[in-house]
Amino acid sequence: MLSRLVREHNQKQQAIRRNNEQLRKEATQAVGELTDCLADTLNERHVVTSIFKTQREIEAEARRLSAQSAKFTKQTKQWLNMLDGFNSALKELGDVQNWAEVIERDMKEIAMTLEFVHKGLLSKNCDHITEFMDLEATNSQYSMLTKRQFLSMAGTCGFCNVLRS
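Quick notes on the rules
- Residues numbered from 1 in each chain as written.
- Predicted model: local features only at pLDDT ≥ 70, side-chain atom pairs only at ≥ 80, totals over all residues.
- Heavy atoms only, no water.
- Helix = DSSP H or I, 4+ residues; strand = E, 2+ residues; numbered from the N terminus.
- Buried < 20%, exposed > 50% of the residue type's maximum accessible area, 1.4 Å probe, protein only.
- Contact = heavy atoms within 4.5 Å.
- Areas by Shrake-Rupley, 256 points an atom, 1.4 Å probe, with all protein chains shown as cover.
- Salt bridge = Lys/Arg side-chain N within 4 Å of Asp/Glu carboxyl O.
- Patch = residues over 30% accessible without salt bridge, like charges linked within 9 Å, V, L, I, M, F, W, Y side chains within 5 Å.
- Lys, Arg positive; Asp, Glu negative; His and termini not counted.
- Charge placed at Lys NZ, Arg CZ, Asp CG, Glu CD.
- pLDDT = per-residue confidence, 0-100.

### Digging into the overall build of the protein chain
Right, on to step 1. Counting secondary structure elements, the protein chain contains four helices and zero strands.
Right, on to step 2. Reading the protein chain from its N end, one meets helices and strands in the order α-α-α-α.
Right, on to step 3. In the protein chain, buried positions account for 11% of the 165 residues.
Right, on to step 4. Pairs at least 24 apart in sequence give 47% of the contacts found in the protein chain among residues at least 6 apart.
Right, on to step 5. As displayed, the protein chain offers around 14,000 Å² of accessible surface, 59% of which is attributable to carbon and sulfur atoms.

In C-alpha cells form, the structure reads like this:
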C-alpha cells in the first residue's frame, strides 16, 4: 500500500512536471508572440510618429513657400509698377521730342517765309502759300508737306520759283 501510494505520488508528480513543462513551453511561446506583437505595434507607432513628423515638416514648408510666394508676388507687382512708370516717362519723352520737332519745323517754315517776305520774293497774289499753311494746320500728324506736294500747288511767285530750283 505504501509502495502503491509512492508510485501514485510519483506518477502524479511526473504528470504535473509534464503539464508544467507543457505550460512553460506554451507560456514561452505566448511571451514570444506578445513580444513580437508589441514590437510591431511600437514599429507602427514609430512609423505613424514618423509620418506625423514628416507631415508637420511638409506643412511648415508649405507655409514658408506660401509666404515666399506672396513676397515674390508683391515684389513682381512693384517691378511692374516701376516698369509702367518707366514706360510712361519714355512715352512722355517721345511726346516732348515730337512736340519739339513740330515746333522746330514750324519755326523753320516761319523763318523761311519771313526771309522770302523780307527779300520781296513772295507776291501778294500767291494764294497757294495760305493754302499750304491751312493744310499744315489741319494735318493731324503735324507733318510737313513734301516739296513735290507743295510744288504741285505752287504758283509763279519768287518763293515758288526758289523752291523749284
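### Regarding the pattern of salt bridges
Right, on to step 1. On inspection of all chains with the given rule, the structure shows four salt bridges.
Right, on to step 2. Close ionic contact of glutamate 21 with arginine 24 constitutes a salt bridge, the shortest N to O distance being 2.9 Å. Here glutamate 21 and its partner arginine 24 are both found in helix H1 (residues 2-119), three residues apart, which amounts to about one turn of the helix.
Right, on to step 3. With a shortest N-O distance of 3.7 Å, lysine 108 and glutamate 104 are connected by a salt bridge.

### Notes on a nonpolar patch on the surface
Right, on to step 1. Side chains of Val96, Trp99, Ile103, Met107, Ile110 and Leu114 sit close together on the surface and give an oily, nonpolar patch of about 620 Å² of accessible area.
Right, on to step 2. The class for valine 96 is partly exposed, based on a relative accessible area of 48%.

### Observations concerning a negative patch on the surface
Right, on to step 1. Together, Glu33, Asp36, Asp40 and Glu44 line one region of the surface with negative charge.
Right, on to step 2. Judged by its relative accessible area of 53%, glutamate 44 falls in the exposed class.

### Concerning the confidence of the model for the protein chain
Right, on to step 1. When the pLDDT values of the protein chain are averaged, the result is 77; 70% of them are 70 or greater.
Right, on to step 2. Confidence, expressed as mean pLDDT per element, reaches its minimum in the protein chain at helix H4 (residues 158-164) with 52 and its maximum at H1 with 86.

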